[in-house]
Amino acid sequence: MNVYLVGAGAVGRYLGELLRGTGNEVTYAPRDLDAVVPVNADLAIVAVKAYDTESAIETLQRALGPASSTTIVTPQNGVGNEEKLAAAFGADNVVACALTVPVETDAAGKPLAANGGGIAFAPVGSGASHNWLLAAFGATGLPVDAASDYRSLKWSKLALNVIANASCAVLNVLPERLVHLGIAFDLEIRAIREVRNVMRALNIPAIDLPRYPVRALQSVATLPSPLARAILANRIAGARGRKPPSLLLDVRAMRNRTEIDVLNGAVASAARTAGIAVPVNTVLARAVSDIAHMPQLWAKYRERPDALAAEVDAEIARSAHGREPVLR
C-alpha cells in the first residue's frame, strides 16, 4: 500500500512508521507547497494541527490531483476538519479517525508512544467500505475499533481532549495540581458537563474509545459535585499527572496559534447554535485565545483560579439565559 502523509510531527511520524513497519511505502509531504509533486497513493493521512487543515488540503490537491479516489484519514484533534476535507475531496473519500495513544517526540524528533490506547475509524460518507483500513492498521499491532457515526467518534475524542487542557493552559498548572485547586476543578467538572449537554442537544451520542470509557467519564461528571470530584481527580491525575497538556505547551512556547477553536471554542459555537449556555467553555476558549495573541494577559490568570471563576460568573451574567443549562 502506498501511503502519503501530510504532517511529520509526533502523530504523523508515529502512524507513518507503524505502517512502514508492515511493508507499506510511506511518503511524507514536503512543507513547501512548491515542492509537492504528484503521487500515486492508496491512503493519505492528514496529521497536521487543525489550524493547518486548509494548507493540508492544498498539498493534497496538488499531490493527488483533481480526480483522486484516494482514501483520506484524519486523526486530527477537534471537530470540523472532516467537513473541510469532505468539501474538497468528497465525503466518500474521507474517513474520520481518533487516536488514543499518547505520542510525543524526543529531542531528535523521533515519536515516543506511551503504552495503551488504540485507533478508531468512522466513514464520513456512506458509499465506500473502510474494512481494509482496519486490517491495515490492525496488522501493525495497534488495537483497532470501528464506529458508524463519525460525529460521535470526533465529539467523543473532543470530550477527552478538553479535560484538564484549556484550564491548565489558562492557569499555568499541570493536571496533577489542577485537581487540587478546588475552584478550578469545580469549573473543570462544569466544563465536562457542558460538553455532554451540547452533544445531547446535537443528538450526538458519546461512544467509548480504545482505553477510554468516554460514556462513564461523562456520567461521573453528572454525579453530585463532591463525588464527581473524588472520582475524576483520581482518573485525571493518574492519566495525565505531570504531563503538560497540548494547550499549555502552546502558550508556554508563546505560539500565537492553538487548537482552542476546534476544542472548547467548537463547544461554545455549537452551544450558540443549539441555544444553550456553556459559560465555562466559552470563557476557557476566549482566555486561551487572548493569551496566545497577547501573552502579557496571562498574568491575570496564572495560579489564580479565582480570576477564572470571576470571568465565568461575568459570562453567566452577560448570558441571555442568566444561568447555566439544566442537566437533562
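A. Spatial organisation of the overall build of the protein chain. Secondary structure summary: the protein chain contains 14 helices and nine strands in total. Here the C-alpha coordinates of the protein chain stretch approximately 55 × 40 × 35 Å along the principal axes. Considering the protein chain as a whole, with its 328 residues, one finds that 53% of them fall into the buried category. Taking the contacts inside the protein chain whose residues are at least 6 apart along the sequence as the reference set, 71% of them involve residues at least 24 apart. Summed over all atoms, the accessible surface of the protein chain reaches about 14300 Å², with 51% contributed by carbon and sulfur. Both charge centroids of the protein chain, one from 33 positive and one from 30 negative side chains, sit 6 Å from each other.

B. Fine view of the layout of surface pockets. Considered as a void within the structure, the second largest pocket measures approximately 260 Å³ in volume. Along its surface, the second largest pocket is lined by 17 residues, and Tyr51, Thr258, Glu259, Asp261 and Val262 are the ones closest to its centre. Elements with a contribution of two residues or more to the lining of the second largest pocket: α3 (81–89) and α13 (279–293). Its residues placed into classes, the lining of the second largest pocket shows seven nonpolar, six polar and four charged.

C. Focus on the packing of aromatic side chains. Under the definition given, this model contains one aromatic pair. Between Phe121 and Phe137, the ring centres sit 5.1 Å apart and the planes meet at 50°, which makes this aromatic pair tilted. Of this pair, Phe121 sits in strand β8 (residues 119–123) while Phe137 sits in helix α4 (residues 131–138), and the two are 16 residues apart along the sequence. We note that Phe121, like Phe137, is buried.

D. Spatial organisation of the pairing of β8. Counting buried positions along β8 yields five of five residues, so the element is predominantly enclosed. Summarising the sheet, strand β5 (residues 94–99) and β8 pair through five bridges and their orientation is antiparallel. Bridging across to β8, Leu99 finds its partner in Ile119. Bridge count for β8 against strand β9 (residues 144–146) is three bridges, and the pairing is parallel.

E. Here's a closer look at helix α2 (residues 53–64). With twelve residues, α2 extends 16 Å between its outermost C-alpha atoms, agreeing within 8% with the 16 Å of an ideal straight helix rising 1.5 Å per residue. The set of residues buried in α2 consists of Thr53, Ala56, Ile57, Thr59, Leu60, Ala63 and Leu64. Across the axial projection of α2, the buried residues extend over an arc of 165°, all falling on one side. Structurally, α2 contributes buried residues whose contacts are with β1 (2–6), β3 (43–46), β4 (71–74) and α3. Phi for Gly65, located one or two positions after α2, is positive at around 90°.

F. Fine view of the environment of Arg272. Its location among the elements puts Arg272 in helix α12 (residues 264–274). In this structure, the C-alpha to C-alpha distance between Arg272 and Ile192, residues 80 residues apart in sequence, is 17 Å.

G. Quick look at the packing of helix α5 (residues 150–161) against helix α9 (residues 214–221). Two elements in contact, α5 and α9, have axes whose closest approach is 10 Å; the angle formed by their N-to-C orientations is 55°. Comparing their axes, α9 and α5 come out oblique. Once α5 is placed against α9, the crossing between them reads as left-handed. Contacts from Ser156, Ala159 and Leu160 in α5 reach Val214, Leu217 and Gln218 in α9. Of the residues that constitute the contact of α5 with α9, the class distribution is four nonpolar, two polar and no charged.

H. Region of interest: the sheet that holds strand β2 (residues 25–28). The sheet built from seven strands is open, its strands ordered β2-β1-β3-β4-β5-β8-β9 with mixed pairing. Each end of this open sheet is capped by a strand with a single partner; those strands are β2 and β9. Neighbour-to-neighbour, the strand axes of this sheet turn through a mean angle of 25°, independent of strand direction. One ladder, built from four bridges, connects β1 with β3; its direction is parallel. Bridge pairing links Val6 to Val46 in β3. Taken strand by strand, α4 contacts β3, β4, β5, β8 and β9, and its axis lies near 165° from that of β9. Along the sheet face, α5 touches β4, β5 and β8 and points at about 30° away from the line of β5.

I. Highlighting α5. If you check α5, its first and last C-alpha atoms are 16 Å apart, about what twelve residues at 1.5 Å a residue would give, namely 16 Å. The buried count for α5 comes to eleven of twelve residues, which makes it a mostly enclosed element. For α5, the full list of buried residues reads Tyr150, Ser152, Leu153, Lys154, Trp155, Ser156, Lys157, Leu158, Ala159, Leu160 and Asn161. Between the side-chain oxygen at the start of α5 and the backbone nitrogen of Arg151 there is a gap of 2.9 Å, and the oxygen is on Asp149.

J. Looking closely at the environment of Asp313. Within the secondary structure layout, Asp313 lies in helix α14 (residues 305–318). Overall, Asp313 belongs to the partly exposed group, its relative accessible area being 48%. The sequence separation of Asp313 and Val144 amounts to 169 residues, and the corresponding C-alpha distance is 42 Å.

Cut-off values and rules
Residues numbered from 1 in each chain as written. Predicted model: local features only at pLDDT ≥ 70, side-chain atom pairs only at ≥ 80, totals over all residues. Heavy atoms only, no water. Helix = DSSP H or I, 4+ residues; strand = E, 2+ residues; numbered from the N terminus. Buried < 20%, exposed > 50% of the residue type's maximum accessible area, 1.4 Å probe, protein only. Contact = heavy atoms within 4.5 Å. Areas by Shrake-Rupley, 256 points an atom, 1.4 Å probe, with all protein chains shown as cover. Lys, Arg positive; Asp, Glu negative; His and termini not counted. Charge placed at Lys NZ, Arg CZ, Asp CG, Glu CD. 1 Å grid on protein atoms, 1.4 Å probe; cavity = no way out; pocket = protein on both sides within 12 Å on 5 of 7 lines; lining within 4 Å. Points joined across faces, edges and corners; volume = space filled by probe spheres on them. Nonpolar A, V, L, I, M, F, W, Y, C, P; charged D, E, K, R; others polar. Phe/Tyr/Trp six-rings, centres within 6.5 Å; stacked < 30°, edge-to-face > 60°. Pairing = 2+ DSSP bridges. Expected span 1.5 Å × (residues − 1). Arc of directions from axis to C-beta. Axes fitted to C-alpha atoms, helices over the stretch in contact; angles between N-to-C directions. Parallel < 35°, antiparallel > 145°, perpendicular 65-115°, else oblique. Left-handed = near helix turned anticlockwise from the far one by under 90°. Polar contact = N/O pair within 3.5 Å; in protein donor to acceptor, adjacent residues only side chain to side chain.

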